[in-house]
Amino acid sequence: MGSGGLELPPGDDGHQGNSTDVPPGAVSLARPMNAGAIGPELDWDAAAWHEVRTRAQRAGRAYIWLNLVEQRLRAVVAAVLRPVYEPVHGDDWVVAAAGPAGQEWVQRAVAVREVSRRKGYLLDPADDNVLSFLTLPQLRELMVQHWPCFEPYVDERRDVELALDELEVTRNVVSRNRALSEAVLNQAERASARLLEVLGAGSDVPSARRLPVDAVEDLVGDRYADVVAVHSDRVRLLRQFPAEDLFGSARRVDALGIGLNLLVQNFSGRRLLRMAEAGGRVRLLFLNPASSAIKRRERELGIKRGELSRAVEMNILHMRRVRARLRDPGAFEIQVFDETPRFTAYLVDGDGADGVAVVQSYLRRTRGMEAPVLVLRNGRNGGKVVKSDRLEEGGLFPTYREEFELMWADSRPVS
């Protein structure tokens, strides 16, 4: 058997066949093995494909963060050190800034730049400089060597170095196309966001403190209007986006749904009370527990008659007790509607550019806890890092806000 998987021609008489099978001077053609023998070894099953896709997704997210950090750090280094060294050293200012300690790696960057020039790898003239060929650790070294120059612009050197230390693990994994765990990816995303904030490149989206802006959202979020997250159910939503993060610093909450469990059962009534006393406004719109619509919903879900209506009554009663403790009950309004419920929506600060909404559609045989969830960011298109050449399209946030106002106008107050 040959190394290429081919059967060699017979040899002497001691082997299968004999010398009379092949005339003297003739060469016997090798017979290929059955192709099916090597096929299954090359195939990937569903589990293998899932694994490589997961690796690619994590590596892609990490690469975007690393790319943003490296570009920002390169820009900061250029802005601070170029005015110091360029007047004396001209185009060689990076070499001069590296000094004797950095001669080896800066000369290596110069050599890579020359090779890239010859082979046509420099596609953008703006990248035809030594600084563009320095790696993240080398940019860090320049910053550390010249820290007195950076100190007026960066508050804490330790914060920068700690964040870059955390990113180094991710950088090595991504550059070598190895597996990146979810824990390391999350650490890298947090470190990158912190570092961008320190370097003065934090997100300018007003709602970023409530719902942090993801790097992928910044780059390709315009493909999805103002939808910034999708969760398969409410449990996964709360795991990634707790009720405290959603409602904790709100100045206005407008909620529409059957029982509003996401708010009533996951956020403290005392917190709602303090929000209203501090000048905030709460408007809660429940499905009327005595309506025929709630009875139809009970039949859809296959639950006992009156079970859902009692749960809604308990939620309304709890919110009434919160409202009763306010000096100004007008800041905390509760109303009910009688129409067929189509969705539940929680609009937080929905009247401003920092608004966030959580929306779920009602499915026939699926409880609200199990229904898919959309998270929307108001004014999403105004905060993109990369602007799309397409015309701006309206998002979903205004649609649900308008629907809430229409339902509110047609509903009845709860005394």
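Counting from 1, residues in each chain are numbered in the order their sequence is written. Side-chain atom pairs in this predicted model are given and counted only at pLDDT of 80 or more, local residue features only at pLDDT of at least 70, and totals for whole chains, interfaces and linings cover all residues. Hydrogens and water molecules were not included; the side-chain quantities draw on all heavy atoms of the structure.

Under the scheme used here, helices are H or I runs from DSSP no shorter than 4 residues and strands are E runs no shorter than 2 residues, and both carry numbers assigned from the N terminus. Summarising the element assignment, Ala331 is placed in the loop between α15 (307-324) and β6 (332-337). Note on classification: 1.4 Å probe, protein chains only; a residue is buried when its accessible area is under 20% of the maximum for its type, exposed when over 50%, partly exposed between these limits. Residue classification places Ala331 among the buried positions, given a relative accessible area of 10%. Placed 55 residues apart in sequence, Ala331 and Ala276 show a C-alpha to C-alpha distance of 5.9 Å.

Moving on, we come to a positive patch on the surface. Here the term patch refers to residues with relative accessible area over 30% and no salt bridge, with like charges joined within 9 Å and nonpolar side chains (Val, Leu, Ile, Met, Phe, Trp, Tyr) within 5 Å. Working definition of accessibility: Shrake-Rupley area with a 1.4 Å probe, residue cover restricted to the visible protein chains. Salt bridges are identified by distance alone: a Lys or Arg side-chain nitrogen within 4 Å of an Asp or Glu carboxyl oxygen. Only four residue types enter the charge count, namely Lys and Arg as positive and Asp and Glu as negative; His and the chain termini do not. To locate a charge, take atom NZ for lysine, CZ for arginine, CG for aspartate or CD for glutamate. A contiguous patch of positive charge, built from Lys295, Arg296, Arg299 and Arg305, is present on the exposed surface. The residue Lys295 is located in helix α14 (residues 292-301) in this model.

At their nearest, the axes of helix α2 (residues 46-89) and helix α7 (residues 157-175) sit 10 Å apart, and the two run at 125° to each other. By the angle class used here, α2 and α7 are oblique. With respect to the hand of their crossing, α2 and α7 are arranged in left-handed fashion. Judged by residue contacts, Ala59, Ala62, Tyr63, Leu66, Val69 and Leu73 of α2 engage Leu164, Leu167, Thr170, Arg171 and Val174 from α7. A per-class count over the contact of α2 with α7 returns 9 nonpolar, 1 polar and 1 charged. Axis definition: a line fitted to C-alpha atoms, limited for helices to the stretch in contact. Angles are taken between N-to-C directions and run from 0 to 180 degrees. Small angles under 35 degrees read as roughly parallel and large ones over 145 as roughly antiparallel, with 65 to 115 read as roughly perpendicular and the rest as oblique. Helix crossings are classified by the rotation of the near helix relative to the far one: an anticlockwise turn of less than a right angle makes the crossing left-handed, while a clockwise turn makes it right-handed. Any two residues whose heavy atoms approach within 4.5 Å are treated as being in contact. Residues are grouped as follows: nonpolar covers Ala, Val, Leu, Ile, Met, Phe, Trp, Tyr, Cys and Pro; charged covers Asp, Glu, Lys and Arg; every other residue, Gly included, is treated as polar.

Turning next to the packing of α7 against helix α8 (residues 182-198). Closest axis-to-axis distance for the α7/α8 pair is 9 Å, and the angle between their directions is 145°. Between α7 and α8 the crossing geometry is left-handed. Residues Asp159, Val160, Ala163, Leu164, Glu166, Leu167, Val169 and Thr170 of α7 form the contact with α8, whose participating residues are Val184, Gln187, Ala188, Ala191, Ser192, Arg194, Leu195 and Val198. Counted by class, the contact of α7 with α8 contains 10 nonpolar, 3 polar and 3 charged residues.

Our next topic: the pairing of strand β7 (residues 343-348). Counting buried positions along β7 gives 6 out of 6 residues, so the element sits mostly inside the fold. Going residue by residue along β7, you find Phe343, Ala345 and Leu347 tucked away on one face and Thr344, Tyr346 and Val348 tucked away on the opposite face as well. Here, any two strands with at least 2 DSSP bridges between them count as paired. Pairing of β7 with strand β8 (residues 356-361) involves 6 bridges; the strand directions are antiparallel. Across the sheet, Phe343 pairs through a bridge with Ser361, a residue of β8.

Here we take up the sheet that holds β7. With respect to topology, 8 strands assemble into an open sheet ordered β3-β9-β8-β7-β4-β5-β6-β10, the strand pairing being mixed. Strand pairing shows two members of the sheet lacking a second neighbour, β3 (227-231) and β10 (412-413), which therefore form its edges. Together, β4 (252-257), β5 (281-287), β6, β7, β8 and β9 (373-377) form the strand contacts of helix α16 (residues 397-409), whose direction differs from that of β5 by roughly 75°.

So, on to the packing of aromatic side chains. Two aromatic rings, drawn from Phe, Tyr or Trp (for Trp, its six-membered ring), form a pair once their centres lie within 6.5 Å of each other, and the interplanar angle then sorts them: stacked below 30 degrees, edge-to-face above 60, tilted otherwise. Tallying each qualifying case throughout the model produces 5 aromatic pairs. A ring pair is formed by Trp44 and Trp49, whose centres lie 4.9 Å apart and whose planes are at 85°; its orientation type is edge-to-face. Judged by its relative accessible area of 49%, Trp44 falls in the partly exposed class. Both rings, one in Phe404 and one in Trp408, keep their centres 5.8 Å apart while their planes meet at 20°; by these two values the pair is stacked. You can see Phe404 and its partner Trp408 sitting in helix α16, 4 residues apart, about one turn around the helix. The exposure class of Phe404 is buried, given its relative accessible area of 2%. The exposure class assigned to Trp408 is buried, which follows from its relative accessible area of 10%. Taken together through their ring pairs, the aromatic side chains of Phe247, Phe267 and Tyr346 make up a single cluster. When the ring centre of Trp408 is taken as reference, the NZ or CZ atom of Arg283 above it lies at 5.3 Å. Criterion for a charge above a ring: Arg CZ or Lys NZ at most 6 Å from the ring centre, at most 35 degrees from the ring normal.

To continue, consider the pairing of β5. Most of β5 is tucked away, with 6 of its 7 residues classed as buried. Relative to β5, β4 runs parallel, the two being bridged by 6 bridges. Its bridge partner lying in β5, Arg252 is registered against Arg281. Bridging between β5 and β6 involves 6 bridges; their strand directions are parallel. In the strand pairing of β6, Arg283 is matched with Glu333.

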